[in-house]
Amino acid sequence: MIHPSYVELMKVVNNTTEVGEEPVVNSRYSIVIAAAKRARQLIAGDEPLVAHANGKKPLSTAVQELYEGKVKILGEDEQADAADPVDDFQTAAIEE
């Protein structure tokens, strides 16, 4: 069994949405696309934002980052300021 499950991951990603707002992630497809994009960023050289990422596959690291809230999925309205507004989903590291 995959941990976290799609349902758990979607709940974590959508937990910052206000009542009445549309969730950032509406389907399994959306969460898979977002995780894949973050994995590509890691492959391209971005630093992992979670501990013990050495030796793990980029997709596993990306899912862990999403689950721990280290990466945010940008919605359509937030993409206006992003570098590549053509993509449906973008991820951005959360600065602490």
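As shown above, the structure is provided for reference.
Residues numbered from 1 in each chain as written. Predicted model: local features only at pLDDT ≥ 70, side-chain atom pairs only at ≥ 80, totals over all residues. Heavy atoms only, no water.

Our next topic: the overall build of the protein. Across its full length, the protein carries 3 helices and 2 strands. When the helices and strands of the protein are placed in sequence order, the string is α-α-α-β-β. Taking as baseline every contact in the protein between residues at least 6 positions apart, the subset at least 24 positions apart corresponds to 34%. Carbon and sulfur atoms make up 53% of the accessible area of the protein, which amounts to about 6,700 Å² in all. (Helix = DSSP H or I, 4+ residues; strand = E, 2+ residues; numbered from the N terminus. Contact = heavy atoms within 4.5 Å. Areas by Shrake-Rupley, 256 points an atom, 1.4 Å probe, with all protein chains shown as cover.)

For any two helices packed against each other, the geometry is given by the interaxial angle and the distance between the axes. Remark: helix 1 (residues 6–14) packs on helix 3 (residues 58–67), axes separated minimally by 9 Å, with the N-to-C direction vectors making an angle of 50 degrees. Viewed along their axes, helix 1 and helix 3 adopt a mutual orientation that is oblique. Contacts from Glu 8, Leu 9, Val 12 and Val 13 in helix 1 reach Val 63, Leu 66 and Tyr 67 in helix 3. Class assignment for the residues of the contact of helix 1 with helix 3 results in 6 nonpolar, no polar and 1 charged. (Axes fitted to C-alpha atoms, helices over the stretch in contact; angles between N-to-C directions. Parallel < 35°, antiparallel > 145°, perpendicular 65-115°, else oblique. Nonpolar A, V, L, I, M, F, W, Y, C, P; charged D, E, K, R; others polar.)

Buried within helix 1 are the following residues: Leu 9, Met 10, Val 13 and Asn 14. The buried residues of helix 1 occupy one face: seen down the axis, they fall within an arc of 120 degrees. Against helix 2 (28–43), helix 3 and strand 1 (71–74) lie the buried residues of helix 1. (Buried < 20%, exposed > 50% of the residue type's maximum accessible area, 1.4 Å probe, protein only. Arc of directions from axis to C-beta.)

So, about the side chain of Glu 65. Secondary-structure assignment places Glu 65 in helix 3. Given the relative accessible area of 0%, Glu 65 is considered buried. Not counting residues within four places of it along the chain, the set of residues in contact with Glu 65 comprises Arg 38, Leu 42, Glu 47, Pro 48, Leu 49, Val 50, Lys 70 and Val 71.

Glancing now at the packing of helix 2 against helix 3. Taken N-terminus to C-terminus, the directions of helix 2 and helix 3 make an angle of 120 degrees; their axes are 8 Å apart at the nearest point. Here helix 2 is positioned oblique relative to helix 3, judged by the angle of their axes. Helix 3 is crossed by helix 2, and the crossing has right-handed handedness. In this structure, helix 2 uses Ala 35, Ala 36, Arg 38, Ala 39, Leu 42 and Ile 43 to contact helix 3, whose residues at the interface are Pro 58, Leu 59, Thr 61, Ala 62, Val 63, Glu 65 and Leu 66. Each residue belonging to the contact of helix 2 with helix 3 can be placed in one class, and the counts come to 10 nonpolar, 1 polar and 2 charged. (Left-handed = near helix turned anticlockwise from the far one by under 90°.)

The tally for this structure, following the rule as stated, stands at 2 salt bridges. The residue Arg 38 makes a salt bridge to Glu 65 at a minimum N-O spacing of 2.5 Å. Of the two residues, Arg 38 sits in helix 2 while Glu 65 sits in helix 3, which places them 27 residues apart along the sequence. The network of salt bridges with shared partners includes Arg 38, Asp 46 and Glu 65. (Salt bridge = Lys/Arg side-chain N within 4 Å of Asp/Glu carboxyl O.)

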